[in-house]
Structures are given as C-alpha cells and as structure tokens.
Amino acid sequence: MRLTPIALVGGLAATPAAAATINVTIPRLSVAEYHKPYVAIWLEPASGGTARTLAVWYDFKKQGNEPGTKWLHELRGWWRKGGRSLAMPADGISGATRAPGTYAIPLPANLPPGAYVLNVEAAREAGGRELVTTPLSVPAKAVAKSGATELGTVAVH
C-alpha cells in the first residue's frame, strides 16, 4: 500500500501529544510508629486564581465511626486553597494513602498553556508535615524539587 502525503499528515495530526507526568516520591522513614501520609497535589495559576486539585490520598476506609476525611484539614495549604469545599470522595482524584515509593500522576490534558505553581503537600499521623512547591510551565518542561522529610523528589517529566 502506498501512502499519500495527505494520509501521512492526517496520521501525524491524529497522534496525541505525549502527556506530561508528575512523579511524587514518598520516602521510607525509619521511625518507631509509621503511618502512611495524607497527600494532596494541586496546581495554581502563577498569576493567582483558582486551584485545581489533581490528587488527594487519604485513609478513606477508617475503622469505626471516624471517616478518614476528618483529618484532611491537616493538609493545611491544600485545605485553604479549596480542599474544604471539595466533597469527598472526589471521583477521579481521591484515593487511598500510599506506601513508600514513587507514584505517577498525569498532568491534565485540557490544561491551558501558561505558568503554574505545582504544590505537593504531605501530613502524617505521629509525623510531620511538608509542602513542596515548584514552578511549572505548560507545555511542560522537566522540573524537579526534593522535600526534606515527608516527601522525596517531586518531578515533572
């Protein structure tokens, strides 16, 4: 079969662009009492504006009468930027806490080009709290920043 130039151009236009991925590392900590951290990941326009939550990991299967949402306010930065108005569980963005490791979150495909601030916040029972922020431009260019205790490397690829 012989392809015409029009068929070749049409094939290229139909191919989706490679999506950027946010990689978040939760480090393994050597502590006597380890609890998986609650984590919130959100974007804000660099010029200010409404925050967009990309992921919230919390203990949604808490035992007894206590819903896991009771402790979401410990993610203070995210809570103030819009977390308090978000009904949980939120379809497509909320999930269970994660064990130590590196996790990939896709950058939304419908994100308009521009400058943003990527925020990743973690809070852990009997542990600490940490917020890692890094500038991000769309279309995305590789960036990375490391946390000090509760978060490891936060990178965009």
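Residues numbered from 1 in each chain as written. Predicted model: local features only at pLDDT ≥ 70, side-chain atom pairs only at ≥ 80, totals over all residues. Heavy atoms only, no water.

Peer 1: Quick rundown of the sheet that holds strand β5 (residues 101-106)? Include the residues and the values.
Peer 2: Within the open sheet, the four strands sit side by side as β5-β1-β9-β8. Their pairing is antiparallel. Across the chains shown, the open sheet's two edge strands, defined by having one partner strand only, are β5 and β8 (143-146). Adjacent strand axes in the sheet meet at a mean angle of 15° when their direction is disregarded. Across three bridges, strand β1 (residues 21-26) lies against strand β9 (residues 153-156) in antiparallel orientation. Looking at β9, one finds that V24 is bridged to V154. (Pairing = 2+ DSSP bridges. Helix = DSSP H or I, 4+ residues; strand = E, 2+ residues; numbered from the N terminus. Axes fitted to C-alpha atoms, helices over the stretch in contact; angles between N-to-C directions.)

Peer 1: Just give me the short version of the environment of D59, but keep the residues and values in it.
Peer 2: Inspection of the secondary structure puts D59 in the loop between β3 (52-57) and α2 (76-81). Looking at D59, the relative accessible area reads 27%, which means it is partly exposed. Note: C-alpha distance between D59 and T69 (ten residues apart in sequence) is 7.5 Å. With residues up to four places along the chain from it excluded, the contact list for D59 reads Y38, G68 and T97. (Buried < 20%, exposed > 50% of the residue type's maximum accessible area, 1.4 Å probe, protein only. Contact = heavy atoms within 4.5 Å.)

Peer 1: Any chance you could break down the packing of aromatic side chains for me, citing the residues and the numbers?
Peer 2: Taken as a whole and assessed by the stated rule, the structure comprises three aromatic pairs. The positively charged end of R98 is found above the aromatic ring belonging to Y103, 5.8 Å away from the centroid. (Phe/Tyr/Trp six-rings, centres within 6.5 Å; stacked < 30°, edge-to-face > 60°. Lys NZ or Arg CZ within 6 Å of the ring centre and 35° of its normal.)

Peer 1: I'd like to hear about the pattern of salt bridges, residue by residue, with values.
Peer 2: Under the defined criterion, the tally for this structure stands at three salt bridges. The salt bridge partner of K81 is E44, with a shortest N-O separation of 3.2 Å. Of this pair, K81 sits in helix α2 while E44 sits in strand β2 (residues 38-45), and the two are 37 residues apart along the sequence. Residue K81 is classed as partly exposed on the basis of its relative accessible area of 45%. Across the pair R124 and E150 runs a salt bridge, and its minimum N-O distance is 2.8 Å. Here the residue R124 occupies a position in the loop between β6 (114-123) and β7 (129-138), and E150 occupies one in the loop between β8 and β9, the gap between them amounting to 26 residues. We classify E150 as buried; its relative accessible area is 6%. (Salt bridge = Lys/Arg side-chain N within 4 Å of Asp/Glu carboxyl O.)

Peer 1: Explain the pairing of β9 to me, using residue names and the numbers behind them.
Peer 2: Looking at chain direction, β8 and β9 are connected through four bridges and run antiparallel. Directly across from K145, in β9, lies its bridge partner V154. In sequence, β8 turns back onto β9 through a hairpin of six residues.

Peer 1: Any details on the side chain of E121? Residues and values, ideally.
Peer 2: On the secondary structure map, E121 appears in strand β6. There is a polar contact of 3.1 Å between the side chain of E121 and the backbone nitrogen of G77. (Polar contact = N/O pair within 3.5 Å; in protein donor to acceptor, adjacent residues only side chain to side chain.)

Peer 1: For the nonpolar core, give the residues involved together with the corresponding values.
Peer 2: Residues I22, I41, L43, L107, L118 and V120 are the most contacted members of the largest nonpolar core, which totals 23 residues. Looking at this core, the elements that each hand over two or more residues are β1, β2, β3, β6, β7 and β9. Y38, W42, V56 and M88 belong to the second-largest nonpolar core, a separate cluster that totals twelve residues. (Core = buried A, V, L, I, M, F, W, Y, C linked by side-chain atoms within 4.5 Å.)

Peer 1: Tell me about unusual backbone geometry, and please be specific about residues and values.
Peer 2: A cis amide bond, omega -5°, links M88 with the succeeding residue P89. The residue after V138, namely P139, is reached through a cis peptide bond having omega 5°. Looking at where P139 falls in the secondary structure, it is placed in the loop between β7 and β8. Within the chain, A126 stands out as a residue other than glycine whose phi angle is a positive 60°. Relative to the elements of secondary structure, A126 occurs in the loop between β6 and β7. By relative accessible area, which is 56% here, A126 ends up exposed.

Note that all results are geometric; they support no functional claim without further evidence.
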